[in-house]
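Residue-level structural notes
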Amino acid sequence: MSVALTLLGLLEREPSYGYDLKRAYDAYFARGKPLSFGQVYTTLARLARDGKAIAGPPEHGDGPDRKRYSITDAGMADVDSWLATPDEPEPHLQPVLFAKVVLALMLSRPADSYLDAQRAAHIRRMRELTRLKDAGSLVDTILADYGLFHLEADLRWIDLTAARLSELREMVQEL
Amino acid sequence: MTRLGLRLVLAGGREALTRLLVITVSVAAGVALLLAVLAEFHAFQAGSNRPCWECTQGPALPGGASPLPSRGEAWNYSADFYQGRTIERLDVAALGPGAPVPPGIARLPGPGQYYASPALTRLLRTVPAGQLGDRFPGTLAGTIGDAALTGPDELAIYIGYDPAALAKVPGTGWVTAISAGPGPEVFTPFFRYAFATGVLAVLFPVLILISTATRLAAARREERFAALRLAGATPGDISVIASVDSVASALLGTAVGIGVFLAVRPALAAATLTGTRYFAATVTPTAWGYLALLVAVPLASAAASLLALRRVRISPLGVTRRATPPSPSPWRLAPLAAGIALFLAGALATSTRGIGVATYPGLLVTLIGLVIAGPWLTWALARLGGKVLSGASPLLATRRLADDPKAEFRAVRGLVLAVFLGTIVGALVPAIDSVLATPSSTALADVLLDTFASNGPSTLPAAGVSGLTPAGLTPQAGAALVSGLRNLGGTTVYPLYSLPQAANPNGPPGSYIGAVSCSVMRQLIVFGQCAPGLAAVQVFDADQIYSDNPHNSTQPFVSHANPAYTGSLATLPLQAVLVRVNNAATLERTRTYLAIHAPPQVSAGPGVAATPPRTYGEAVAIRSGRAELAQKLFDLAVMLTIVVAGCSLAVAVGGGLVDRKRPFTLLRVGGTPLGTLSRVVLLEAVLPLAAAVVAAAGIAYGMSVLAVIRLAPPGTPVPGLNGTYWATMGAGLAIALAAICVTLPLLGRMTTPASVRFE
Amino acid sequence: MNTSAAGHGVLLEARDIAKSFGQTPALRGASVAVAQGEILAVMGPSGSGKSTLLHCLAGIFPPDSGEVWYDGRRLDTLNEAERTRLRRTAFGFVFQFGNLVPELTAADNVALPLLLQRQHRKAAYRQAAQWLDRLDLGDKGTRRTGELSGGEAQRVAVARALALGPCLLFADEPTGSLDSLTGEKVMKLLTGLAREQGVTVVLVTHDARVAAYADREVMVRDGVVTADVGTVRS
C-alpha cells in the first residue's frame, strides 16, 4: 500500500498541511489503522527531497512547524502514471485499487477507464494461468485454480464498483 | 378462481383466441348436428305415433244374400303403388248414420266422391288420368287433413262407395270403430338404435377434442400456472382455471350451434333423411332438447377438461421433465386378436339362417382392440421407418414416434374409429344390395307381376267380381285382360294358367297346379327352360313366384323335368300375369288398367290389404332402400366423426409443437430449414394415421367379406368398395391432412430463430 | 473502431450495428472484428446486449442498422434462406442448454447435421461414432439425450457443432449450467478442437474464468462494444 503516492494524490487535490493530510487519509483510507504523525512527516520530507512536493515557508500560527506542502509537476506526473498504470494482478489488491478509485474521483480523472485497464490486466493474467493449467502438472493446475478464483473475485469487485461509480463520485465530492 | 381464469382467457393473445375459435366452431358443429338428430327423431316419433287408421280391422261382412248391418261402415283398405310411392287407399261406405269418420276429414265421402291428401291431389292434377286418376272412381270432394298423414308427401285417398257395391269387393270388412292408437313398431327400435349411434358418433369426438384442447391450454400456460402454484394455488385451482377456457368456448359454441341449427332447420325439414319427409312443425328438438344441450354440453366439456387435467401435474417448478416412457408391450395386440377371433367364431357359426351370436361382441371388442393396439402399431411402424427411411426429417419423426407412441396415437384415435366403421358399412351395404338384387331379379327389373288366384280358403262369393274364380280369372275374362294389356302399347304379356286341380285347396301337396307355354318361358329364361320340343308344361305349386322377396321368388320353377301339358291353354283360368313394360308411364298405365279390370286379390283374409302389383325392380328397391338408408345415416355419422376428429388432430398436433419449441428453434438457429421441420411434423402425424387407418380398413374389410361370404347365397360376388366409400374416406383423410397443414404456419411462427433469447 | 490483433485476416465483422426489440434498444452502434482462427470472448453484464450481438454476427436475425461482413461479403443483406444455409454449412452453435433433440440418441444428434446435408446414413453415423470416440463418449452413442449428464450433453453438442467442419463456432454460455470441473472439461474440449481444426470461435460469457480460455476479449456495455484487450501471443 503506497502511502507516499496516496498522500501525494491528496496533495494534488489542494496544498495542505501535514495535519490535514493525515486527517483526510484516516477518513478515506485508514480503516481503523490511522497513520502516525511521524510517518506522515517522514513521507512528506522524502517526497520533498525527491522533488515531488515542495514545502512552503513555515508559517506562524497555531502550532510549531506548520509547513504547507504543495505538489510539483514531477509529483503530478507520478500520481498520473500511478493511477493510469494497472497494478500487477495479485491477490489482496483491494486497498490499492480502492485508493486509486477514490483518488481518481477526487481528482476528476476517468475512474472507469482505470478500472477497465485493471480489468484487462487481470484477464490477461487469468489467460496466462489458464494456459499454464493446460501445459503444467496437476499441482500447477491446482495452484493456478487458486489464483484464478481470487482474480475472479477481484474482477467481480471491479465490476460492482464500476457500477457504483456515480454514487461514489457524489459521496467523494461531498467530503 | 373462475374470474382469474376468465381474465387469462381474454388476455391470452392471438394463440388463445385461435384455440377458443377452434373449440367454439367444433362444438357449434357438434351441437347443430345433435340438434338435427334430435329434431329428426322427434319428427319420426311424431309420425309413428299418429293414429294408425290403416290398422283398423273388422270382421267380414255377412256374405251371400244376408242383409248388410245398419250401423258402422264397410271398410276396404288396400295399398297401391305409383312411381315407387305407396298410395294408402281406403274404400269406404257408410252403412248407417253415425258411421265413424277416419281422421283428416269432416264426414265420410259419399258414393262417387273421394278425399285425397294434398300430395295426391297435386299428382292427380298433373299426371295423365290413364296412369293414375282412372284407378279411383268418383270425383275429388276435398282434402285429407294432416291428422291422418305422417308427412306432407304422403299419398292417401278415401273413396266413397255404395254399400252394396263395396260389399262385393274381396277384402271388405265391417268396421264400427276406427283404431286410434299408433301403428306397429316394426322399424322404430332400429331407428332408435340408429339415432342413438348418431348422437354418440357426434358427442364423443367433440368431447375428445375438448379434452385435447384443454391439455394443450395447460401445457402452453405451464409457466403461468407454475407461478400460480408458487403463489399458493392448489392443483384443484389450476384445474378450474384451465377448464374455464374450455367451458367458456363450449358455452359459446353451444350458442352458436343453436343459431346454426335454427338457420338450417327449414332445409332439414324439407330433407328426407329417414326416407320420408315429415311435417315441418314436428322437425324440432323441442324446448327440452335445447335446454338439455345448453346444460349438458358445457357440463360435459367441464368434465372432459377436468378429466384431461388429472394427469397433468403442474408443480411449482413447472411441468417436470418426464422420463422416456417404456415402449408399448406387444400384449397390446391381445384385445384386437381376441376381437378378431370372436368375430371369426361368430362368422363360422353364421349361415343364411342367422347371424352367429359372437359376431357383435367380436365387432365391439375389435373396435376397442384397435384403440388399444394403436400405440404398438405406431411404435412398430416408427421403428421400421427408422430403419428403412433415410434423411433428417424421418429420423426426427420416427424417433419421436417411438419415444411416446401413446401420445402420438391419441391424436388420430377418432379418425381410426371413423375409418373402421365406415369401411364395415361401406363394404356391407353394397353386398346387401347385391344379395337382394340377384342377377335374376335384375333381369326382371321391369317385369310386373299380378296374381288372380286366391291363396287360401275364401269365404267370399267367388263370383263377387265378374270373372273371378278361386283359380283365377275365367278363360274369357283372362283372355280379355291379356289382350287389353297388350293393347296398352309398350307391354309384353306373359300369362300363367291354373290347372283344374288348383281349384281344390285341399289337394295333395306337391301337385302340379299351373301351366305355362314354353314360348313364354323362352322369353323368361330366368325362370327356367322347358324340355325341348314341348309347347307347354305343368308347373308345381309356384308359390315362390308370388312372394315379394325377389330372393325367393326369382328362382327357376321350370326345368326339363316338368311334364308337358297337352291341353289347350286358352281353356284354362288365368292365374297370374307377368307384364314387361318399357317405361315408367307404361308401368303406371298397366297398373291403372289392372286396378280397374282386375281389382286386388285376397291374400290371407278379410281386412288385410293385398300387395299391389309391382315390378321385381320395385320390390328390390324397397328392401335395399332401407339398407341404403342405413348406409346414408352411417356415412353421415362417419363424416361428422371425421370432421371433429380432424379438428382434434389439429389441436393435438399444435399441442405437440409446444414440446418441440425449444429444440426446433435451436435446430433452425443451427441452419435447419423450416421445410425439414414441417416435414417432421407431417410425418409424425401421417405415420400413425396411415398405420392405424390401413389396419382398421383392412380388418374391417376382411370382416365384411367374411360376413358376406357366410350370409349370402353362393355366387354372390365378393363385396367391393363403391365410389361413395372412397369419396367419404378420401374426404376424411383430406380433412385430416388439411388439419395438420393448418398447424404448419404455427410451427414457423413458434420456432423463428429471432425468438431465441436466453438471458 | 477496434483493431483485430491477431494479424490474420478479419473473418467476421460488425460495423456500427443497432438492434431494438420493441421499445428496448439492445444494441446501439456496436462494432467488433473477429480475426480468422482466433478465439474471441464477448463479455458483459446481463442485459448488455452481448447475446444480441452474437445473434446478429451469426445471421440469426439482421440488425436494424449497420453492416455485418463475413468473409468479405455482406451477411445482413442475405435473405432468410441464404442465411439459413450459411448457418448450416459454415457456422456451428453451442448454447447453454437444449442443444440436443431430446428423443434422439447421442449418435443421432451428431449425425443430424450430416444427414441434413444429405449424406448417406452409413457415412453419417460412422463419422458420428468417430466424433463420440474422440470425446471419450464412445459407449454413450445409443443413449438418449435425457440419459446423458450435463457435461456429456454439452460435449455431444460441441461435437455436433463441429461435425460439418464449420469455419465459425458460436458459443453462448456453453458452461452456464455446469459445475467448475465439468465446465473446465467442456471448455478445454471446445477450445482444443477449435484450435486443432482452425475454427474461429466467438464465445459469449459473463464468466471471467470461461473468458480466460479465449485469445482476446471485448466488453459489451449498454449495447456498445467498449473495451478491447489486445491479444497475448502465447
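Residues numbered from 1 in each chain as written. Chains lettered and ligands numbered in written order. Predicted model: local features only at pLDDT ≥ 70, side-chain atom pairs only at ≥ 80, totals over all residues. Heavy atoms only, no water.

Scanning chain A from N- to C-terminus turns up 7 helices and 3 strands. Each helix and strand of chain A, placed in order from N terminus to C terminus, yields the pattern α-β-α-α-β-β-α-α-α-α. For chain A, with 175 residues in total, the buried portion stands at 42%. Within chain A, counting contacts between residues at least 6 apart in sequence, those at least 24 apart form 59% of the total. Working note: accessible area of chain A is about 9600 Å², and carbon and sulfur atoms make up 54% of it. (Helix = DSSP H or I, 4+ residues; strand = E, 2+ residues; numbered from the N terminus. Buried < 20%, exposed > 50% of the residue type's maximum accessible area, 1.4 Å probe, protein only. Contact = heavy atoms within 4.5 Å. Areas by Shrake-Rupley, 256 points an atom, 1.4 Å probe, with all protein chains shown as cover.)

Let us look at the interface of chain C and chain B. Taken residue by residue, the interface counts 31 residues in chain C and 30 residues in chain B. Note on chain C versus chain B: buried area summed over both sides is about 2600 Å², and carbon and sulfur give 61% of it. Among the residues chain C hides against chain B, the three largest losses belong to Glu103, Leu116 and Arg121 of chain C. Together they make up 22% of the total. Counting the contacts that link chain C with chain B gives 4 salt bridges. Where Arg400 of chain B meets Glu103 of chain C, a salt bridge forms, and the shortest distance between an N and an O atom there is 3.5 Å. At the junction of chain C with chain B, the criterion picks out 9 residue pairs in polar contact (both at pLDDT 80 or more). Elements represented by at least two residues in the side of chain C that touches chain B include exactly α1 (50–57), α2 (80–89), α3 (106–116) and α4 (121–134) of chain C. (Buried area = accessible area lost by both parts, 1.4 Å probe. Salt bridge = Lys/Arg side-chain N within 4 Å of Asp/Glu carboxyl O. Polar contact = N/O pair within 3.5 Å; in protein donor to acceptor, adjacent residues only side chain to side chain.)

With that out of the way, let us pick up the environment of Arg144 of chain C. All names here are of chain C. Of note, Arg144 is situated in the loop between α4 and α5 (150–162). Given a relative accessible area of 22%, Arg144 falls into the partly exposed group. Engagement of the side chain of Arg144 in a polar contact is seen with the backbone oxygen of Glu103, the distance being 3.3 Å.

All right, on to the interface of chain A and chain C then. Of the residues lining the interface, 16 residues belong to chain A; the matching set on chain C comes to 20 residues. If you look at where chain A meets chain C, you find 5 salt bridges. Salt-bridge contacts for Glu217 of chain C lead to Arg119 of chain A; the nearest nitrogen and oxygen are separated by 3.7 Å. Those elements that provide at least two residues to the side of chain A that touches chain C are α6 (111–135) and α7 (138–174) of chain A. Among the elements that make up the side of chain A that touches chain C, the one with the highest residue count is α6 of chain A (11 residues). Here the residues of the side of chain A that touches chain C sort into 6 nonpolar, 1 polar and 9 charged. (Nonpolar A, V, L, I, M, F, W, Y, C, P; charged D, E, K, R; others polar.)

This next bit is on the sheet that holds strand β1 (residues 10–21) of chain C. All names here are of chain C. Spatial ordering of the open sheet is given by β2-β1-β4-β5, a layout of 4 strands whose pairing is antiparallel. One side of each edge strand has no neighbouring strand; the edge strands of this open sheet are β2 (24–35) and β5 (73–74). Bridge count between strand β4 (residues 65–70) and β5: 2 bridges; the pairing is antiparallel. Within β5, the position partnered with Tyr70 by the bridge is Arg73. (Pairing = 2+ DSSP bridges.)

This part takes up the state of the cysteines. Residues and elements named next belong to chain B. Applying the stated rule across the entire model yields 2 disulfides over all chains. Across the disulfide from Cys518 sits Cys530; the S-S distance is 2.2 Å. Handedness of the Cys518-Cys530 disulfide follows from its S-S torsion of about -110 degrees: it is left-handed. Of this pair, Cys518 sits in helix α15 (residues 518–523) while Cys530 sits in the loop between α15 and β12 (536–539), and the two are 12 residues apart along the sequence. Taken N- to C-terminal, the disulfide-bonded cysteines of chain B are connected 1-2, 3-4. (Disulfide = S-S within 2.5 Å.)

Residue and element names in this part refer to chain B. Strands sit in the order β4-β3-β5-β2-β1-β6 across an open sheet of 6 strands; the sheet is mixed. What marks the edges here is a single partner per strand, and that holds for β4 (139–143) and β6 (173–175). Within the sheet, the average angular offset between the axes of one strand and its neighbour, ignoring direction, is 30 degrees. For strand β1 (residues 73–82) and β6, the ladder comprises 3 bridges, and the chain directions are antiparallel. Across the sheet, the residue bridging to Glu73 is Val175, located in β6. (Axes fitted to C-alpha atoms, helices over the stretch in contact; angles between N-to-C directions.)

Picture a little ball the size of a water molecule; that probe, rolled over the atoms, points out where space is still empty. Scanning the model with the defined rule gives 9 cavities of 30 Å³ or more in all. Considered as a void within the structure, the largest cavity measures approximately 240 Å³ in volume. If you trace the largest cavity, you find 19 residues lining it, with Gly670 of chain B together with Phe91, Pro113, Arg160 and Ala161 of chain C closest to the centre. Contributions of two or more residues to the lining of the largest cavity are made by α18 (616–669) of chain B together with α2, β6 (91–94), α3 and α5 of chain C. Taken together, the residues of the lining of the largest cavity break down into 13 nonpolar, 3 polar and 3 charged. (1 Å grid on protein atoms, 1.4 Å probe; cavity = no way out; pocket = protein on both sides within 12 Å on 5 of 7 lines; lining within 4 Å. Points joined across faces, edges and corners; volume = space filled by probe spheres on them.)

With respect to the helices and strands, the residue Lys133 of chain A is situated in helix α6. Within the structure, Lys133 of chain A has its side chain in polar contact with the side chain of Glu184 of chain C (distance 2.8 Å). When sequence neighbours within four positions are dropped, the list of residues in contact with Lys133 of chain A reads Thr141, Ala144, Asp145 and Leu148 of chain A together with Glu184 and Tyr213 of chain C.

Moving on, we come to the confidence of the model for chain B. Residue and element names in this part refer to chain B. Confidence in the prediction of chain B, expressed as mean pLDDT, is 77, and 78% of residues score 70 or more. Within the model, the stretch residues 455–466 combines pLDDT values under 50 with 13 contacts to residues more than four positions away or in other chains. The low-confidence segment residues 602–608, where pLDDT is below 50, has 13 contacts with residues more than four positions distant or belonging to other chains. What the predictor reports for the complex is a pTM of 0.68 with an ipTM of 0.89. (pLDDT = per-residue confidence, 0-100.)

What follows is about the packing of aromatic side chains. Taken as a whole, this structure holds 13 aromatic pairs over all chains when the rule is applied. An angle of 85 degrees between the planes, with centres 5.9 Å apart, marks the rings of Trp53 of chain B and Tyr77 of chain B as edge-to-face. Placement of the pair is Trp53 of chain B in the loop between α2 (13–48) and β1 and Tyr77 of chain B in strand β1, with a sequence separation of 24 residues. Here the two residues Trp53 of chain B and Tyr77 of chain B agree in accessibility, since each one is buried. One aromatic cluster is present, formed by Tyr70, Phe91, Phe93, Phe95 and Phe170 of chain C through successive ring pairs. In this arrangement the basic side chain of Lys22 of chain A is found over the ring face of Phe37 of chain A, its NZ or CZ atom lying 5.4 Å from the centre. A cation over a ring is seen here: Arg614 of chain B above Phe81 of chain B, with NZ or CZ 5.2 Å from the ring centre. (Phe/Tyr/Trp six-rings, centres within 6.5 Å; stacked < 30°, edge-to-face > 60°. Lys NZ or Arg CZ within 6 Å of the ring centre and 35° of its normal.)

Residues and elements named next belong to chain A. The N-to-C vectors of helix α1 (residues 3–13) and helix α3 (residues 37–49) enclose an angle of 80 degrees; their axes lie 10 Å apart at closest approach. Relative to α3, α1 is oriented roughly perpendicular. Here α1 contributes Val3, Ala4, Leu7 and Leu8 to the contact with α3, which in turn contributes Gln39, Thr43 and Leu47. Looking at the contact of α1 with α3 residue by residue, the class counts come to 5 nonpolar, 2 polar and no charged. (Parallel < 35°, antiparallel > 145°, perpendicular 65-115°, else oblique.)

All names here are of chain A. With 13 residues, α3 extends 18 Å between its outermost C-alpha atoms, agreeing within 8% with the 18 Å of an ideal straight helix rising 1.5 Å per residue. In the core, the buried residues of α3 are packed alongside α1, α2 (18–30), β2 (53–55) and β3 (68–71). Taken from the residues just after α3, Gly51 is the one with a positive phi, measuring 85 degrees. (Expected span 1.5 Å × (residues − 1).)

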